[in-house]
Number of protein chains: 4
Amino acid sequence: MTRIRVGLVGASGWMGRTHALLLAAQHVVFGPEPSVSLEMVADATPELAADAARACGVARSTGDWRELVASPDVDVVDVVTPNHLHHTIALAAIAAGKHVYCEKPLAMNSRQSFAMAQAAGRRGVVTLVGYNYPVNPIHRVAREIIAAGDIGEVVNVRFSKNVDYMSDPQAPFVWRHDRSIAGSGTLGDTVSHLLSMLQYLIGDVAEVMGHVRIVHGERPLVPGAAIGRQAGPATALRKVETDDEVLVLLKLAGGATGTMDASRVATGRRMEFAYVVTGTRGSLAWSIDRLNTLEFYSAADRPGRQGFRRIEAAPEHAGYGAFYPVANIGMGYNDQKMIEIRTLIEAVAAGRTDAWPNFADAHRIQCTLDAIAASSLERRWVRVSEIAERCETTSSPVGTEGSAS
Amino acid sequence: MTRIRVGLVGASGWMGRTHALLLAAQHVVFGPEPSVSLEMVADATPELAADAARACGVARSTGDWRELVASPDVDVVDVVTPNHLHHTIALAAIAAGKHVYCEKPLAMNSRQSFAMAQAAGRRGVVTLVGYNYPVNPIHRVAREIIAAGDIGEVVNVRFSKNVDYMSDPQAPFVWRHDRSIAGSGTLGDTVSHLLSMLQYLIGDVAEVMGHVRIVHGERPLVPGAAIGRQAGPATALRKVETDDEVLVLLKLAGGATGTMDASRVATGRRMEFAYVVTGTRGSLAWSIDRLNTLEFYSAADRPGRQGFRRIEAAPEHAGYGAFYPVANIGMGYNDQKMIEIRTLIEAVAAGRTDAWPNFADAHRIQCTLDAIAASSLERRWVRVSEIAERCETTSSPVGTEGSAS
Amino acid sequence: MTRIRVGLVGASGWMGRTHALLLAAQHVVFGPEPSVSLEMVADATPELAADAARACGVARSTGDWRELVASPDVDVVDVVTPNHLHHTIALAAIAAGKHVYCEKPLAMNSRQSFAMAQAAGRRGVVTLVGYNYPVNPIHRVAREIIAAGDIGEVVNVRFSKNVDYMSDPQAPFVWRHDRSIAGSGTLGDTVSHLLSMLQYLIGDVAEVMGHVRIVHGERPLVPGAAIGRQAGPATALRKVETDDEVLVLLKLAGGATGTMDASRVATGRRMEFAYVVTGTRGSLAWSIDRLNTLEFYSAADRPGRQGFRRIEAAPEHAGYGAFYPVANIGMGYNDQKMIEIRTLIEAVAAGRTDAWPNFADAHRIQCTLDAIAASSLERRWVRVSEIAERCETTSSPVGTEGSAS
Amino acid sequence: MTRIRVGLVGASGWMGRTHALLLAAQHVVFGPEPSVSLEMVADATPELAADAARACGVARSTGDWRELVASPDVDVVDVVTPNHLHHTIALAAIAAGKHVYCEKPLAMNSRQSFAMAQAAGRRGVVTLVGYNYPVNPIHRVAREIIAAGDIGEVVNVRFSKNVDYMSDPQAPFVWRHDRSIAGSGTLGDTVSHLLSMLQYLIGDVAEVMGHVRIVHGERPLVPGAAIGRQAGPATALRKVETDDEVLVLLKLAGGATGTMDASRVATGRRMEFAYVVTGTRGSLAWSIDRLNTLEFYSAADRPGRQGFRRIEAAPEHAGYGAFYPVANIGMGYNDQKMIEIRTLIEAVAAGRTDAWPNFADAHRIQCTLDAIAASSLERRWVRVSEIAERCETTSSPVGTEGSAS
């Protein structure tokens, strides 16, 4: 396929606009082949969709995503809606034979993600889930170091992502606190990032012991409030239904152990995101504070001169040179996201359904999220395979549950 | 002006492609008004230009920049050529009544920059010089803190930018080593960044004591070699004509003192860029390693709890929210550059000729560069006003000279 | 008591020598009152003891610690032996009416520590346990900030201490791998540091979910090998009996949650030691990499200028000025330890039995260690009170067990 | 000499007490041979001396340093007085055949230091100057890396030491502002540290261009005020006579260039101390913020995995293991100083007069300080040899002058 036409569902928010931005700019970075165009946008109302279309320079818009899915001018359906719509839209798109690009978390629970992955597999369409961070070239360096055995066998991992945008107990209730829309809180929103990075670097989680909790149980209900915006005085208090904080002990398929901690109420940590991977002969460490730097320790270095070295992303690293001819100049979030979209475009062009992370990959992440939730509720270690098998053998719902301890 | 049509001279390199990328994406970030379009590209040959046009999705191309300058479909001439062409192209564009956006350094020397600033002033066109970094919202925070007096009176500054892309003595001779094309080395290429940041944050330099030198005097001549690419075996050695390293003591107009150090042979420092601004009641520090973080110390904080605090760029800081609704997520180089282009667009739309940094601002930076070069040659403190006055009173060339000590 | 005479049991190793060093130097830092003297040293053999005495400039030595405990010239028995001897020596010293200073971990298990704390309480002697780090003045600043409510209510803690001195699978078997001598591995050796710091800053742990494991199950047996020294070729392999790695989810008495991770096989992390304490209105962070710096975030700072600030230990902080009149000059490990010893000296001089951390405080830490071990074995959350109550109600042994997962 | 008896002149301040502390503790760290004792202390009055003697546990004290110098029980005279007395006391001690240990700066000017070095050389006594920092084992690692050629040829150095203890313009006038006592301000107090570190790592400075200035020209005169202590209301203003800030461009004997910046009015920088050494094939960087860590970049590392590595001081580095068997545990200022004193003790025991840095080494540093001062006054590059030759050929005073710009 040398011409790829995208239909964007959910164009009025930040992430929708970001997709539009990066689709428009693809060719300047990666060249004119294949041609990529944003053909159409859908949003909750015709007015919102029309506004977004105008802002993005797109001719067609609709207030009904089904129209977009049905359009013969759309090859790829790009799903950037709130979480509770991913399942329905993606299944409809797959049924229509469209390729699907979907923002994380893939679904509300593993039953949904199982259905989505199954449908995509049966229909043979290309799918990709937007986890944003792993595509940064610096993580490819990390993956290559691990795969080459340069840190030996992985023994332990520590993954952290903590933010503070809900740390104020008086921050108003928004859709992310509503279980019927968001599915979960920090679990789906943040731990999904950690698990995707872990899957990219090393592989899947085998077993978890989780503690999932709501820290601030009620929040003011403020008409018109959105994240980062308080529209007026509170009219009432509303019970928070999604988790603020997730702590996990984990065991990887390969035998390593690890911890994860994630929060949206981590006062002062505007955006902490970091990992440490410890092996028998070396280690790696990364933090978003130095987005493009990887720390690498090798026990093979000369004694007395060993130490973590800071590898800075540079043109000699695959994927970086398309953006900058100079090291450490500041590859940013949008650059990363453009690489992710390029992955989608190349997979669609080649008809490859196994580009990472497709719906099957994301389903395993969703199973891990559900395992963490179940572990927290039941106060016991839970194997991810237990969740996965339940998806295959039953049609009963398996929710992503948060426990308030 | 609600429709702004840009002609890009020099489209085939990294920076040209970056301009094309960001012009194409303007509207998605900043909205559809005014409309911005890249109308035409020029390059050294028709073939290069046509290739660039195809990659950038632009209809018209030319191998003769004069055709672009003369085109009635071009409102803004965007100069992204090697340094030695800035002067001629910009003067021609101004003469044609075009607005001009020019990459740094503005000119080969202060005589040229004087002529360019004079011409722009007389013709009343909008000019802007691309220094890239100061537009990052985090530096606006720094400027506001200084302007508000929150660090008291500025006492001292330290500005450093050191890179290593020429640290290998065997790296081949490229155009940046050729004085007739580059004008100078680290001085124009790097110290211009430091001076623009200083001018943005605080103001102009009054007097300098510089040491400018070539560290590696000869380099292999390799046919087809470019920066970061070695095409084949060396055929000969060629004398390096531009400076590798610049060290400066300086006095600011306001009485503060400072140091600058810059190098392109700083082995291992892939990209160091940092400043410290010390005042009587507080201080600021920034480093590109944490691109979006400003360190701020206030002596007004409670004793025993004073300390440099890390302010991370966030939606509450002007200019950041247009990109990201989340703090510290990784605003990057291209995002910065898009803000710079937006500054240009808004100035052109409003017909404002005083947006910072216009050619007059950049001329003062060029005078400082020449003062540093003169100081190094003559081994004495040189006042910047001495250079500026020479520009106004004589037509004799004032070069940007590098001394080999 | 204005004259305090110390008898040191275990003088030939690093820590014993450190005690001797700091006892000898007390008066120069803290003044001549009360007078402190090291009267006598005991070690495993008369020869070792005599050598240590000569090195430390002490007149009396013995190969039998019972002689030291019985001596009327000894007021304080200082226990710096391997772990398995703490219980016996301390009980004998208490029975003889001596004050006791004991290195961590206090005991092999909580049954032992219970007996030690009970005996000390009944006899009314002063006890102190050497955890080394919490006495650094920077942590006192942290404790005051928390106690003053300046970070609001504590929501979450993260404590990490990872070292790599056993990361080489071929590092030989030493006494720390022998359960009968060490009791446990990382649990007693390292997690005890984390728990003491947590107790000092905030308080006790209420409930734990632990994962404790041996990573390298066998090690070469090398005659004469010690930590950091390999004496010759391996003669056999020996099974490792103590844990290499400990991961914990925890709940504090006050409602906060947290994680701990500790390891002695963390390749490349020569000495990681760090904590983050997150509150509803602020946060704290510390790392041994910047031993004397505390990071403090206050939500009360002006919006747009909030950020973690680095408070550097300085003369204005209590406890620092006795050492240095200059901030951030490098207070070191031995300085910390000298403050700890001063705490002991002042408590003995005043007859205060409640100086932190006495045997009762250390017993609660030992109960937490045992709870972690039990939790790991039984794969369930364990309340610390469950362990503590078992100590009081039964005479059956409660071991510090490590599980190999 | 197996028994070394020290007489301490200036025992009542911080540094005097530190010497006493470390002399008392020598044997516990380094063993009983040679025996070291502090025999006697002198201070400005008999009362001060007696108090210091009591605090330090020394039997003999005197209010007349000449008595100490004359005592047959003193082998080493340890000079810890204000700067203006170093010259007289050291010359008297040398004349009496005593070895001399003197705190930095060695003298008020290079004429004095020349006389001191000459006298010591003629008399054959051991001399050592206390610069504190270079003896840290981590700098020995740096020196070895440089000496082994592992960073290639040194191209550039950057040395910074900035503190803020005089940043408050209202901080009262103390002896350090009085030229007749202190000789200079930041120049002697701080730049001497930078120059000693540079001399230790690489070698001597050949030529300098300095800018030396007083930032706050007058300070309140407060009866009884001392550094860090304000005793009462100001009674008058007094003109500050010593420099607050020193900025230097420099050329090393070996051809490298560099910068130095030092200040005592660097608001917020409680203690910045850092260096970068750039070579043709590698680089080093160090900062006091991570006192025991050296960053090392080697261009010989594998492409794509190059980066500055953090080498943490550990038992495998010479000089560290005497203190700690564990890496990165926090070697501190006093530990460093103890190594320095050990250097003295071993030199005296062996009768070696060439232990670094003896008076001849320190004289070259003093010449460089004088060259910086002269350069600033005369606004020109000054060769250090020019100052050194003046010392040898004239008896006229060569002062360490600060210029107020």
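Note: the structure precedes this text.
Residues numbered from 1 in each chain as written. Chains lettered and ligands numbered in written order. Predicted model: local features only at pLDDT ≥ 70, side-chain atom pairs only at ≥ 80, totals over all residues. Heavy atoms only, no water.

Any chance you could explain the overall build of chain A here in plain terms?
Helix and strand content of chain A: 11 helices and 17 strands. Here chain A has a C-alpha radius of gyration of 21 Å; the compact-globule value for 405 residues is 22 Å, and the two agree. Overall, the C-alpha framework of chain A stretches about 65 × 50 × 45 Å when taken along its three principal axes. Looking at the 405 residues of chain A, the share that counts as buried comes to 65%. Across chain A, the fraction of contacts at a sequence separation of at least 24, relative to all contacts at a separation of at least 6, is 72%. Summed over its atoms, the accessible surface of chain A is roughly 12900 Å², and 51% of this surface lies on carbon and sulfur atoms. A gap of 2 Å separates the mean positions of the 40 positive and 43 negative side-chain charges of chain A. (Helix = DSSP H or I, 4+ residues; strand = E, 2+ residues; numbered from the N terminus. Rg over C-alpha atoms; globule rule 2.2 N^0.38 Å. Buried < 20%, exposed > 50% of the residue type's maximum accessible area, 1.4 Å probe, protein only. Contact = heavy atoms within 4.5 Å. Areas by Shrake-Rupley, 256 points an atom, 1.4 Å probe, with all protein chains shown as cover. Lys, Arg positive; Asp, Glu negative; His and termini not counted. Charge placed at Lys NZ, Arg CZ, Asp CG, Glu CD.)

What should I look at first to understand the pattern of salt bridges in this one?
Charged atoms that come close allow side chains of opposite charge to pair. In total, this model carries 136 salt bridges over all chains according to the counting rule given. The partner of R310(D) in a salt bridge is E295(A), and the shortest N-O contact between them spans 2.8 Å. Taken together, the residues R310(D) in strand β16 (residues 308-312) and E295(A) in strand β15 (residues 293-298) connect one chain to another. The same class applies to R310(D) and to E295(A), which are both buried. Ionic pairing is found between K337(C) and E340(C), a salt bridge with its closest N-O pair at 2.8 Å. Of this pair, K337(C) and E340(C) both sit in helix α9 (residues 333-350), three residues apart, which is roughly one turn of that helix. Overall, the relative accessible area of 0% leaves K337(C) in the buried class. Each of R5(A), R60(A), D73(A) and D75(A) takes part in a single network of salt bridges with overlapping partners. (Salt bridge = Lys/Arg side-chain N within 4 Å of Asp/Glu carboxyl O.)

Sorry if this is basic, but what is going on with the interface of chain C and chain A here?
On the side of chain A, 44 residues touch chain C, which itself brings 44 residues to the contact. Both sides of the chain C and chain A interface together cover about 3300 Å² of buried area, and 53% of this is carbon and sulfur. The largest contributions to the chain C side of the interface with chain A come from R158(C), T267(C) and R379(C), which together make up 19% of the buried area. At the surface where chain C touches chain A, the tally comes to six salt bridges. Here E272(C) and R158(A) are joined by a salt bridge, their closest N and O atoms 2.6 Å apart. Of all the elements in the fold, those that place two or more residues in the side of chain C that touches chain A are β7 (154-163), β8 (205-213), β11 (245-252), β12 (257-263), β13 (271-279) and β14 (282-287) of chain C. (Buried area = accessible area lost by both parts, 1.4 Å probe.)

Would you explain the interface of chain D and chain B in this entry?
Often the size quoted for an interface is simply the accessible area lost on bringing the parts together. Each partner contributes residues to the interface: chain D has 44 residues there, and chain B has 44 residues. Overall, the association of chain D and chain B removes approximately 3200 Å² of surface from exposure, summing both partners, and the carbon and sulfur fraction of that is 53%. Ranking the residues of chain D by area buried against chain B places R158(D), T267(D) and R379(D) at the top, with a combined share of 19%. If you look at where chain D meets chain B, you find six salt bridges. Of the charged contacts, one joins R158(D) and D261(B) as a salt bridge, the two residues approaching to 2.8 Å between their closest N and O atoms. Between the two partners, chain D and chain B, sit 23 residue pairs in polar contact (both at pLDDT 80 or more). Every element with two or more residues in the side of chain D that touches chain B is listed here: β7 (154-163), β8 (205-213), β11 (245-252), β12 (257-263), β13 (271-279) and β14 (282-287) of chain D. (Polar contact = N/O pair within 3.5 Å; in protein donor to acceptor, adjacent residues only side chain to side chain.)

Mind showing me how you'd approach the relation of the copies chain C and chain A here?
For the pair of chain copies, the relating transformation is a rotation about an axis with a translation along it. After a rotation of 180° and a shift along the axis of 0.0 Å, chain C superposes on chain A with an RMSD of 0.0 Å. In short, the pair behaves as if placed about a two-fold rotation axis. Among all residues of chain C, the minimum C-alpha distance to the rotation axis is found for R380(C), at 3.0 Å. The overlap is high: 100% of the interface residues of chain C also sit at the interface in chain A, so the same surface is used on both sides. (Least-squares fit on C-alpha atoms with pLDDT ≥ 70 in both.)

Explain the sheet that holds strand β3 (residues 60-62) of chain C here, please?
The strands making up a sheet associate through backbone hydrogen bonding, with each pair oriented either parallel or antiparallel. Residues and elements named next belong to chain C. Strand order in the open sheet formed by six strands is β3-β2-β1-β4-β5-β6, with parallel pairing between adjacent strands. Two strands in the sheet have a free side with no partner beyond their single neighbour: β3 and β6 (127-130). In this sheet, adjacent strand axes meet at a mean angle of 25° when their direction is disregarded. One ladder, built from three bridges, connects strand β2 (residues 35-42) with β3; its direction is parallel. Pairing of M40 across the sheet is with R60, part of β3. This element, helix α4 (residues 86-95), spans β1 (3-9), β4 (76-79) and β5 (99-103) of the sheet and lies at about 165° to β5. (Pairing = 2+ DSSP bridges. Axes fitted to C-alpha atoms, helices over the stretch in contact; angles between N-to-C directions.)

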